[in-house]
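Listed below, chain by chain, are the residues.
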Amino acid sequence: NDIREHKCTLPLILALNDETTCNSIFPLLSKNNPDDNDVELIIKSVSNGGFLDKATNTMHQRLDNATQCLHRFPKSPYRQLLSNIISILKQPII
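Residues numbered from 1 in each chain as written. Predicted model: local features only at pLDDT ≥ 70, side-chain atom pairs only at ≥ 80, totals over all residues. Heavy atoms only, no water.

K.L.:
Help me get a handle on the overall build of the protein, residues and values and all.
P.N.:
When helices and strands are tallied, the protein shows five helices and zero strands. Each helix (α) and strand (β) of the protein, taken in turn from the N terminus, gives the series α-α-α-α-α. Its C-alpha atoms give the protein a radius of gyration of 17 Å, clearly above 12 Å, the size a compact globule of 94 residues would have. Considering only C-alpha atoms, the protein reaches an extent of 50 × 25 × 20 Å along its principal axes. Counting only residues that meet the buried cut, the protein has 22% of its 94 residues in that class. Approximately 7,200 Å² of the protein is accessible, and the part contributed by carbon and sulfur atoms is 56%. (Helix = DSSP H or I, 4+ residues; strand = E, 2+ residues; numbered from the N terminus. Rg over C-alpha atoms; globule rule 2.2 N^0.38 Å. Buried < 20%, exposed > 50% of the residue type's maximum accessible area, 1.4 Å probe, protein only. Areas by Shrake-Rupley, 256 points an atom, 1.4 Å probe, with all protein chains shown as cover.)

Pasting the structure below:
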């Protein structure tokens, strides 16, 4: 679990940039070993604050930008491969 491993993901970064959310989750994140309840509260705060959606929107914007940048290069198998990777990254994770 990213939270238990103290990995900072984009939704978490966005949540920490929000003063109200930061005030509620920072103490939980500061613990060396957050328990299940702490992790659940952090996940709910990030989700309820809309930070997952904001991170998804940011990802899609950056992937769209990457697609536009690819079109500056001549067609090639490499460009097609990168385009395929972008398409895969745009697919929702189930």
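Further notes follow.
K.L.:
Which residues make up the packing of helix α2 (residues 19-29) against helix α3 (residues 36-48), and what values do they have?
P.N.:
Contact geometry of α2 with α3 gives a least axis separation of 10 Å together with a crossing angle of 155 degrees. Comparing their axes, α3 and α2 come out roughly antiparallel. When the axes of α2 and α3 are compared, the crossing they make is left-handed. Where α2 approaches α3, its residues Thr21, Ser24, Ile25, Leu28 and Leu29 are matched on the opposing element by Asp38, Leu41, Ile42 and Ser45. Residues of the contact of α2 with α3, tallied by class, amount to five nonpolar, three polar and one charged. (Axes fitted to C-alpha atoms, helices over the stretch in contact; angles between N-to-C directions. Parallel < 35°, antiparallel > 145°, perpendicular 65-115°, else oblique. Left-handed = near helix turned anticlockwise from the far one by under 90°. Contact = heavy atoms within 4.5 Å. Nonpolar A, V, L, I, M, F, W, Y, C, P; charged D, E, K, R; others polar.)

K.L.:
Provide a residue-level description of the pattern of salt bridges, including the pertinent values.
P.N.:
Taken as a whole and assessed by the stated rule, the structure comprises five salt bridges. The residue Lys44 makes a salt bridge to Glu40 at a minimum N-O spacing of 3.1 Å. Here Glu40 and Lys44 lie together in helix α3, a separation of four residues that amounts to about one turn. Glu40 sits in the partly exposed class, given a relative accessible area of 42%. Between Lys90 and Asp64 there is a salt bridge, with its nearest N and O atoms 2.7 Å apart. Highlighted residues: Lys90 in helix α5 (residues 77-90) and Asp64 in helix α4 (residues 51-70), separated in sequence by 26 residues. (Salt bridge = Lys/Arg side-chain N within 4 Å of Asp/Glu carboxyl O.)

K.L.:
Account for unusual backbone geometry, naming residues and giving values.
P.N.:
Negative phi is the rule for most residues except glycine; trans is the rule for most peptide bonds. In this structure, His6 takes a positive phi of about 60 degrees despite not being glycine. Assignment of secondary structure puts His6 in the segment before α1 (10-16). For His6, a relative accessible area of 47% corresponds to the partly exposed category.

K.L.:
With reference to specific residues and values, describe the nonpolar core.
P.N.:
Among soluble globular proteins, nonpolar side chains are generally buried collectively. Among the nonpolar cores identified, the biggest contains 10 residues, and these are Ile3, Leu12, Ala15, Ile25, Leu28, Leu29, Val39, Ile42, Val46 and Phe51. Secondary-structure elements contributing two or more residues to this core are α1, α2 and α3. Setting aside residues up to four positions removed in sequence, Val39 forms contacts with Asn1, Ile3, Arg4 and Pro34. (Core = buried A, V, L, I, M, F, W, Y, C linked by side-chain atoms within 4.5 Å.)

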